[in-house]
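Working through the structure, step by step
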Amino acid sequence: MLPAPTAPLPAAPAPVTHTTPSIEGHRQGDRAPKRHGGTAVSLPDGGTIGITLAVALGSALVLARRWRTRRSDPRLPVADPPLPGTLLAARRAQRTLTSATPLATSIHDEDYSDLLDPDEAEDLDDGLVTAEDPAQIDSADSWDDTEYLDEFGGPTGPVPEPTVTQFAAPLPPGSISAAERDGVELPMIPTGTGLGLVGPGAAGAARAIAAGVLSAGAPDRTADLARLIIPAADLAALLDVDEAEVPDITCGLPELFITKDLAGAIGEAEVHALLRTRLLEEYEQPDLDALAAAHPDVEDCPPLVLMASPARSLSSRISILMNASAHLRITTVLLGAHPDGPTIFVEADGTATGPTIGDWSRARLWNLSTAALADVLDLLARAAGHDPGQPDSQAEPEDWPETVPGRDDAAGTVFGGGRPDATVTVLPMPARPEPEVDRTDSERDESVAAEHTAATAYAPALAPVTMLPTRPTSSPTDEVRGEAQARADAALAAWNQNPVRITVLGGLSITVDGQPVSGLRTSARVLAALLAVKGTAGASADQIDAMCWPDAEPEEMDRIAKWRADGLNSLRKRLAAAIGQRTARLVLLDRATGRYRFSPELIATDVGSLAELVTAARSAGDAEQRLALLAAAEPLCRGQLLDGELGDNFDWGADFTATFADKQVAVLARLATLASTAADHDQALAALEKAAALTEDNEALYRQMFDILATAGRHAEIPGKLRTLEAYADSLGAGVTAVTREAAAQAMKRQPHHGARQEH
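Residues numbered from 1 in each chain as written. Predicted model: local features only at pLDDT ≥ 70, side-chain atom pairs only at ≥ 80, totals over all residues. Heavy atoms only, no water.

Helix and strand counts for the chain come out as 24 helices and 22 strands. Within the span of the chain, comprising 760 residues, buried residues form 47% of the whole. Looking at the chain alone, contacts between residues at least 24 apart form 76% of all its contacts between residues at least 6 apart. Accessible area for the chain stands at about 35900 Å²; split by element, carbon and sulfur atoms hold 54% of it. (Helix = DSSP H or I, 4+ residues; strand = E, 2+ residues; numbered from the N terminus. Buried < 20%, exposed > 50% of the residue type's maximum accessible area, 1.4 Å probe, protein only. Contact = heavy atoms within 4.5 Å. Areas by Shrake-Rupley, 256 points an atom, 1.4 Å probe, with all protein chains shown as cover.)

Below, the structure is given as structure tokens:
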């Protein structure tokens, strides 16, 4: 059990969980209660972790997604599960550290002093409809771009630029971050006697250390993974759950050793100590560092941490273990006073105090909540390849509706059974006899007998009559085809004819008549990408601020409003000048909701056009039309969202990257299936190659490649595709599944279809 705190524990804030971002809406808020930077990453629930742990969690998120896409059906994209606030903050910090683009140098990369002049900026709205002239406002459309400049821009005059959090470099891979002191991250060295934790912040510090241990190692998690040994009761206390729930929560974590009790935990650590001691004796080396330097081919011994609540009866065993393990990368973290090592009194804010604090003087330990630790354990399990299955709250993806076979206009519309000449056989019925009128029984009997004789003697045999079905002038399929085609034509017309074109897939591009728009501020480029991604739903000023500046402090809101105003003014002015229409309504504002969006008559976006074409293809009347519509959508599938765009203000794109990658892969996979059915194997393989570049680990795509290559008679290419997949699987720490290997073997044996090109 955890030690009793010497001061009352503060009430733990409710865990913060965010919904998966979508095109229609985006989270608002999610702002850290306190801004840190340097070595510290503050969390939405009030906790704090080190940049080393944040980077490790960011890498784990990438691995978890790779495992997920490896197993998925590429035709049926499933939204990624919601990311908790802890993981969002970690990913944000990792991306900020990776991009390392100071905003102060990027936001004024060109001289646009005219945009900072309020008078000049106000000229941008000359000639537009104003709020004082309601007679000119179209009441049927609530969208306009006539808001006042102060609404559009916020404060006037010189305002300092918002600041961007700068993070220090993380500790080397394999390090276990435990605290920071004077802006320097402090690792927990896995040697010596370890440390004990007491006080109101002890449990939070222990959770952070546990997360640091389990996430320490190489970014690809294929080597140098630290190990944690902990009794089940102590882990249950840290997670605030019943002990019976621990196995389900920790399933899929090979680096976590859970024992029945403290004695079992000590025994497990003693076994590792004995094995490592014998290894050093065998190679005659003084410690594991010397062994690794002298014999790099020998399997490495990663750090091992024993975390448990102390027991007086086992104190001597703990002391003996630690005294013998100083050179074996084994240490202890006790949830209570340490019998031989330093004991830290951890304040609620993580500050380390106490008379036996040792080397931890003036340090501030990291702090993790119970919910955050559970989220970290779940992520690390998925990053290791564990499949948690589909959450009950997550709906299964809905497959596209089936289509009828393509029509042949020369033969006519296809009818029942796929035969245009299908017939219907009709058996004629004899005429009904006239109703009888008041006849006696004897008369009725005589009449029936006479009618039967006459019918038998004179009536011809009843022959079946063959009738052709009546063909309707238009079928439901024709109507469906027409509706789908009209929608696709409108999307293609907008993409090809609108003067401004913005692409965000494969990188950000803003062009007018094919020429890049010059003079855009960095903030204008950020906002152009953001509004393109948000589409017809638009984004309010609050949403824009929350997406671009998610951890801003309240005192910086004026700076952010100024940044947003300058960006929107730059975007409007430069686009209007590029198309030669000073009064063009390019960025519209919904007066009712306060949301900004692009004018659909003047600006076309690749993601919007792609969505329209996919919607049209989904409702296509037949397979032939669906193939044509998906082929029209294929050129828009250009790559990762905002690929190559660096900087803190583009970090919001990470919330949508997976969604847009999945959408493109679904389009390409369905296109390949339809093209293969139509015997256009080159088109099918080109689509699959493009999809594989977006989701390199998806084995279903490669099985589809094997099948099409065999059908086309291009068997010699199959082994090369299999080797490519093997390389991706090796980088994930996994192997190609038996199902995929069998698919490749069967494809190599299969004869090509009649008429397929043969290799020589």
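Time to look at the pattern of salt bridges. Summed over all chains, the structure comprises 24 salt bridges. As a salt-bridge pair, R65 and D662 come within 2.6 Å of each other at their nearest N and O atoms. Highlighted residues: R65 in helix α1 (residues 51-71) and D662 in helix α20 (residues 654-677), separated in sequence by 597 residues. Across the salt bridge formed by K690 and E634, the nearest N and O atoms sit 2.8 Å from each other. (Salt bridge = Lys/Arg side-chain N within 4 Å of Asp/Glu carboxyl O.)

For any part of a model where pLDDT is low, the fine detail of the predicted coordinates should not be relied upon. The predicted model of the chain averages 78 in pLDDT, with 73% of residues at 70 or higher. For the chain, the element scoring lowest by mean pLDDT is helix α3 (residues 103-106), at 34; helix α7 (residues 232-239) scores highest, at 97. In the predicted structure, residues 1-33 sits below a pLDDT of 50 and forms 83 contacts with residues beyond four places in sequence or in another chain. For the stretch residues 101-155, pLDDT sits under 50, and the model shows 102 contacts to residues farther than four places along the chain or on other chains. (pLDDT = per-residue confidence, 0-100.)

Grouped burial of nonpolar side chains is what soluble globular proteins tend to show. Counting 92 residues, the largest nonpolar core has I502, V504, L586, F598 and W652 as its most contacted members. Top element by residues in this core is α20. It accounts for 10 residues. If we skip the residues at most four places from it in the chain, F598 touches I502, A528, L531, A532, L571, L586, V587, L588, I603 and T605. Counting 70 residues, the second largest nonpolar core, distinct from the first, contains A90, A226, L335 and L379. (Core = buried A, V, L, I, M, F, W, Y, C linked by side-chain atoms within 4.5 Å.)

For E185, the position within the fold is in strand β5 (residues 184-187). Among buried Asp, Glu, Lys and Arg side chains, E185 stands out as unpaired, with R364 the closest opposite charge at 13 Å. Side chain to side chain, E185 and T52 meet in a polar contact 2.8 Å long. Within polar-contact distance, the side chain of E185 engages the side chain of S177 at 2.5 Å. Other than its neighbours up to four places away in sequence, E185 contacts T39, G50, I51, T52, P170, L171, S177, A179, E180 and W366. (Lys, Arg positive; Asp, Glu negative; His and termini not counted. Polar contact = N/O pair within 3.5 Å; in protein donor to acceptor, adjacent residues only side chain to side chain.)

This part covers helix α9 (residues 262-283). Spanning 22 residues, α9 covers 32 Å between terminal C-alpha atoms, matching the ideal 32 Å at 1.5 Å per step. The set of residues buried in α9 consists of L262, A265, I266, A269, H272, A273, R276, L279 and L280. Down the axis of α9, the buried side of the element spans an arc of 145 degrees, and every buried residue falls inside it. Structural note: α9 exposes L275, R278, E281 and E282 on the side pointing more than 90 degrees away from its buried face. The elements touched by buried residues of α9 are β7 (227-231), β8 (256-259), α10 (288-294), β9 (304-308), α11 (315-324) and β10 (330-334). The opening residue of α9 is D261, an N-cap whose side-chain oxygen sits 3.4 Å from the backbone nitrogen of A263. Once α9 finishes, E284 follows within two positions and takes phi at roughly 55 degrees, a positive value. (Expected span 1.5 Å × (residues − 1). Arc of directions from axis to C-beta.)

With that out of the way, let us pick up unusual backbone geometry. One can expect most non-glycine residues to show negative phi and most peptide bonds to be in trans. The residue D182 is not glycine, and still its phi comes out positive at about 55 degrees. Assignment of secondary structure puts D182 in the loop between β4 (177-181) and β5. In this model, E284 sits at a positive phi of 55 degrees, which is unusual for a non-glycine residue. On the secondary structure map, E284 appears in the loop between α9 and α10.

This next bit is on the sheet that holds strand β18 (residues 515-516). Judged by pairing direction, the sheet is mixed, and its four strands sit side by side in the order β18-β17-β16-β22 without closing on themselves. Bordering the open sheet on either side are β18 and β22 (603-605), each of which pairs with just one other strand. Where strand β17 (residues 509-512) meets β18, two bridges bridge the pair, whose relative direction is antiparallel. Counted as the bridge partner of V512 is Q515 from β18. Contacts from helix α18 (residues 606-618) reach β16 (500-503) and β22, with the element oriented near 70 degrees to β22. (Pairing = 2+ DSSP bridges. Axes fitted to C-alpha atoms, helices over the stretch in contact; angles between N-to-C directions.)

Before going further, it helps to examine the sheet that holds β4. Across the sheet, three strands lie side by side as β5-β4-β13; this open sheet has antiparallel pairing. One side of each edge strand has no neighbouring strand; the edge strands of this open sheet are β5 and β13 (364-365). Bridge analysis of β4 against β5 gives four bridges, and the strand direction is antiparallel. Within β5, the residue paired with S177 across the bridge is P187.

Across the five residues of β9, five count as buried, placing the element largely inside the fold. What you see with β9 is no split at all: L304, L306 and A308 on one side and V305 and M307 on the other are buried throughout. Relative to β9, β7 is paired through three bridges, and the arrangement is parallel. Looking at β9, one finds that L228 is bridged to V305. Summarising the sheet, β9 and β10 pair through five bridges and their orientation is parallel. By the bridge assignment, V305 is partnered in β10 with T331. For the handedness criterion, the β-α-β arrangement of β9, α11 and β10 is classed as right-handed. (Right-handed = clockwise from strand over helix to strand, strands pointing away.)

Take helix α6 (residues 202-215) next. Here α6 is 14 residues long and its end C-alpha atoms lie 20 Å apart, about the 20 Å a rise of 1.5 Å per residue gives. Among the 14 residues in α6, 14 count as buried, and that is most of the element. A positive backbone phi angle near 140 degrees is found at G217, which sits one or two residues after α6.

Let's shift gears to the pairing of strand β6 (residues 195-198). Of the two faces of β6, the one lined by L195 and L197 and the one lined by G196 and V198 are each fully buried. For β6 and β10, the ladder comprises two bridges, and the chain directions are parallel. Along β10, the bridge assignment pairs L195 with V333. When β6 meets strand β11 (residues 343-346), the two strands line up parallel, connected through three bridges. If you follow V198 over to β11, its bridge partner there is F345.

Before going further, it helps to examine the packing of aromatic side chains. Per the stated rule, a full pass over the model turns up two aromatic pairs. Judged by centre distance (6.3 Å) and plane angle (75 degrees), the rings of W652 and F656 are edge-to-face. Classification of F656 as buried rests on a relative accessible area of 1%. Taking the ring centre of W495 as reference, the NZ or CZ of R501 above it sits at 4.2 Å. (Phe/Tyr/Trp six-rings, centres within 6.5 Å; stacked < 30°, edge-to-face > 60°. Lys NZ or Arg CZ within 6 Å of the ring centre and 35° of its normal.)

One way to put it is that α18 packs onto helix α19 (residues 623-633) with a least axis distance of 9 Å and a crossing angle of 170 degrees. By the criterion of interaxial angle, the relationship of α18 to α19 is roughly antiparallel. Each of L610, L613, A616, A617 and R618 in α18 lies in contact with α19, whose residues at this interface are R626, L629, L630, A632 and A633. For the contact of α18 with α19, a count of residues per class yields eight nonpolar, no polar and two charged. (Parallel < 35°, antiparallel > 145°, perpendicular 65-115°, else oblique. Nonpolar A, V, L, I, M, F, W, Y, C, P; charged D, E, K, R; others polar.)

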